[in-house]
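Summary of structural features
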Amino acid sequence: MTKVFPSLLSADFLNLKEELSKLEESGIDALHFDVMDGQFVPNISIGFPVLEAIRAATDLPIDAHLMIETPNDYVEAFAEKGVNKISVHLEGNPHIHRVIQNIKKHGVEAGVVINPGTPVHALDALIEDVDFVLVMSVNPGFGGQAFLPSAVDKIKQLDEIRKNRQLNFKIEVDGGINDQTAKQVVDAGADWLVAGSYFFGQADYKEANQRLKGEL
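Everything quoted here is computed from the prediction, not taken from an experiment.

Let us now look at the UniProt feature "binding site: a divalent metal cation" (unreviewed entry) in the protein chain. Following the UniProt record, one finds the feature "binding site: a divalent metal cation" (unreviewed entry) at His-32, Asp-34, His-65 and Asp-174. These residues run over 143 residues, yet every pair of their C-alpha atoms falls within 10.7 Å of each other. With respect to the secondary-structure elements, His-32 resides in strand β2 (residues 31-36). Note that His-65 resides in strand β3 (residues 62-67).

Printed below as a string of structure tokens:
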């Protein structure tokens, strides 16, 4: 079943409590929380104070995407602050297996992220250890970018690996997701859709959620 994770980076931060209430009412499945440090990616985003406020205001699951250097140093802190999923990039993490095991040790679902320039086969030694794979369909760092069609082939490859090796990892996709590209990636095998600019640009969040899931 397709699940939708709106990216809070595109939310109205002046009215965040109201936004969270509207998201809960819309029937979305989780919140996507982008963390950027200005080093791993050329942008700086939200951190612990905002995360703590969000966790106190909602029971929705939180999916933390760490676009930061040395993410293993922060796994425990994110787990303690109540996130439910943590994803880290394959790129720039030479001890990625250690990071994945550390996330799991803290009782959090562990995901690995691949950028547009990273091939699926780079995950071969890790694929059996993760709970989900996040395919970036834009280059990470900024919201509002156009969807890169090459992501569709990656999702198909991952779905084929999942079936052939009888694995249960989920496939998440992030970047340029709207009511048109959502269908493409779901048809290819994606399970979880991260939507930012499109989702928060709609007047009716419930309708946006339904359109992304193909229910309208």
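Don't stop here, the text continues.
Ile-86 and Phe-199 are the most contacted members of the largest nonpolar core, which has 62 residues in total. Contacts of Phe-199, omitting those with residues within four sequence positions, involve Val-4, Pro-6, Leu-23, Ser-26, Ile-28, Tyr-205, Ala-208, Asn-209 and Leu-212. Core analysis: the next-biggest nonpolar cluster, separate from the first, contains five residues, Ala-30, Phe-132, Trp-192 and Val-194 among them.

A few words now on the UniProt feature "binding site: substrate" (unreviewed entry) in the protein chain. Look at the UniProt record and you will see "binding site: substrate" (unreviewed entry) annotated at Ser-7, His-65, Gly-141, Phe-142, Gly-143, Gly-144, Asp-174, Gly-175, Gly-176, Gly-196 and Ser-197. Relative to the helices and strands, Asp-174 resides in strand β7 (residues 170-174). Assessed through its relative accessible area of 11%, Asp-174 is described here as buried. When neighbours within four sequence positions are excluded, Asp-174 is seen to be in contact with His-32, Asp-34, His-65, Leu-134, Val-135, Met-136, Ser-137, Val-138 and Val-194. There is a polar contact of 3.4 Å between the side chain of Asp-174 and the side chain of His-32.

For helix α4 (residues 96-105), the complete set of buried residues consists of Ile-96, Val-99, Ile-100, Asn-102 and Ile-103. Considered in projection along α4, the buried side chains sweep an arc of 160° and stay on one side of the axis. Facing away from the buried side of α4 by over 90 degrees, the exposed positions are Arg-98 and Lys-105. Turning to α4, the residues buried within the fold contact α3 (75-80), β4 (85-89) and β5 (109-114). Once α4 finishes, Gly-107 follows within two positions and takes phi at roughly 75°, a positive value.

What counts, and at which threshold
- Residues numbered from 1 in each chain as written.
- Predicted model: local features only at pLDDT ≥ 70, side-chain atom pairs only at ≥ 80, totals over all residues.
- Heavy atoms only, no water.
- UniProt positions renumbered as here; feature names shortened; annotations may be inferred.
- Helix = DSSP H or I, 4+ residues; strand = E, 2+ residues; numbered from the N terminus.
- Core = buried A, V, L, I, M, F, W, Y, C linked by side-chain atoms within 4.5 Å.
- Buried < 20%, exposed > 50% of the residue type's maximum accessible area, 1.4 Å probe, protein only.
- Contact = heavy atoms within 4.5 Å.
- Polar contact = N/O pair within 3.5 Å; in protein donor to acceptor, adjacent residues only side chain to side chain.
- Arc of directions from axis to C-beta.

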